[in-house]
Amino acid sequence: LEIGYVNDFSSFIRRRLNVLSGNLSLGLFLVLIILTFILKFRIALLVSVGIPFAFLGTLFIFYNGDYSLN
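Computed from a predicted structure; not experimentally measured. (Residues numbered from 1 in each chain as written. Predicted model: local features only at pLDDT ≥ 70, side-chain atom pairs only at ≥ 80, totals over all residues. Heavy atoms only, no water.)

Regarding its fold elements, the protein presents two helices and zero strands. Over its C-alpha atoms the protein spans a radius of gyration of 18 Å, topping by over 25% the 11 Å that the globule rule assigns to 70 residues. Over its C-alpha atoms, taken along the principal directions, the protein stretches across nearly 65 × 25 × 10 Å. Taken across its 70 residues, the protein has 4% of its residues classed as buried. (Helix = DSSP H or I, 4+ residues; strand = E, 2+ residues; numbered from the N terminus. Rg over C-alpha atoms; globule rule 2.2 N^0.38 Å. Buried < 20%, exposed > 50% of the residue type's maximum accessible area, 1.4 Å probe, protein only.)

Okay, structure coming up:
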């Protein structure tokens, strides 16, 4: 008798979340650098702080709306 998982998609979800996290940090860095050339540093910092809130807001909407990354 052998017990195993069938249709385990958790590794795909973890990989996709890792890609999203990497894109988040790279996007935050690039936005901060580019906006610093155009705007004052304080305004650029405030705009770049909004990126993680948008990311977390999207995950919140996905969770409450029964959407999936899969």
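So, about a nonpolar patch on the surface. Together, Leu26, Phe29, Leu30, Ile33, Ile34, Phe37, Ile38, Leu39, Ile43 and Val47 make up an exposed nonpolar region whose accessible area comes to about 990 Å². Of all elements in the fold, only helix H1 (10-38) and helix H2 (41-64) reach the threshold of two or more residues within the nonpolar patch. Residue placement: Leu39 occurs in the loop between H1 and H2. The partly exposed category is assigned to Leu39, whose relative accessible area is 35%. (Patch = residues over 30% accessible without salt bridge, like charges linked within 9 Å, V, L, I, M, F, W, Y side chains within 5 Å. Areas by Shrake-Rupley, 256 points an atom, 1.4 Å probe, with all protein chains shown as cover. Salt bridge = Lys/Arg side-chain N within 4 Å of Asp/Glu carboxyl O.)

Let's shift gears to unusual backbone geometry. Residue Asp66 is not a glycine yet carries a positive backbone phi of 55°. With respect to the element layout, Asp66 can be found in the segment after H2. The exposure class of Asp66 is exposed, given its relative accessible area of 71%.

Further remarks concern the packing of H1 against H2. Running from N to C, H1 and H2 point in directions that differ by 160°, and their axes come no closer than 8 Å. When the axis of H1 is compared with that of H2, the two are roughly antiparallel. Crossing of H1 over H2 shows right-handed handedness. Residues Leu20, Leu24, Gly27, Leu28, Val31, Leu32, Leu35 and Thr36 of H1 pack against Phe41, Ala44, Leu45, Val47, Ser48, Val49, Ile51, Pro52 and Phe55 of H2. (Axes fitted to C-alpha atoms, helices over the stretch in contact; angles between N-to-C directions. Parallel < 35°, antiparallel > 145°, perpendicular 65-115°, else oblique. Left-handed = near helix turned anticlockwise from the far one by under 90°. Contact = heavy atoms within 4.5 Å.)

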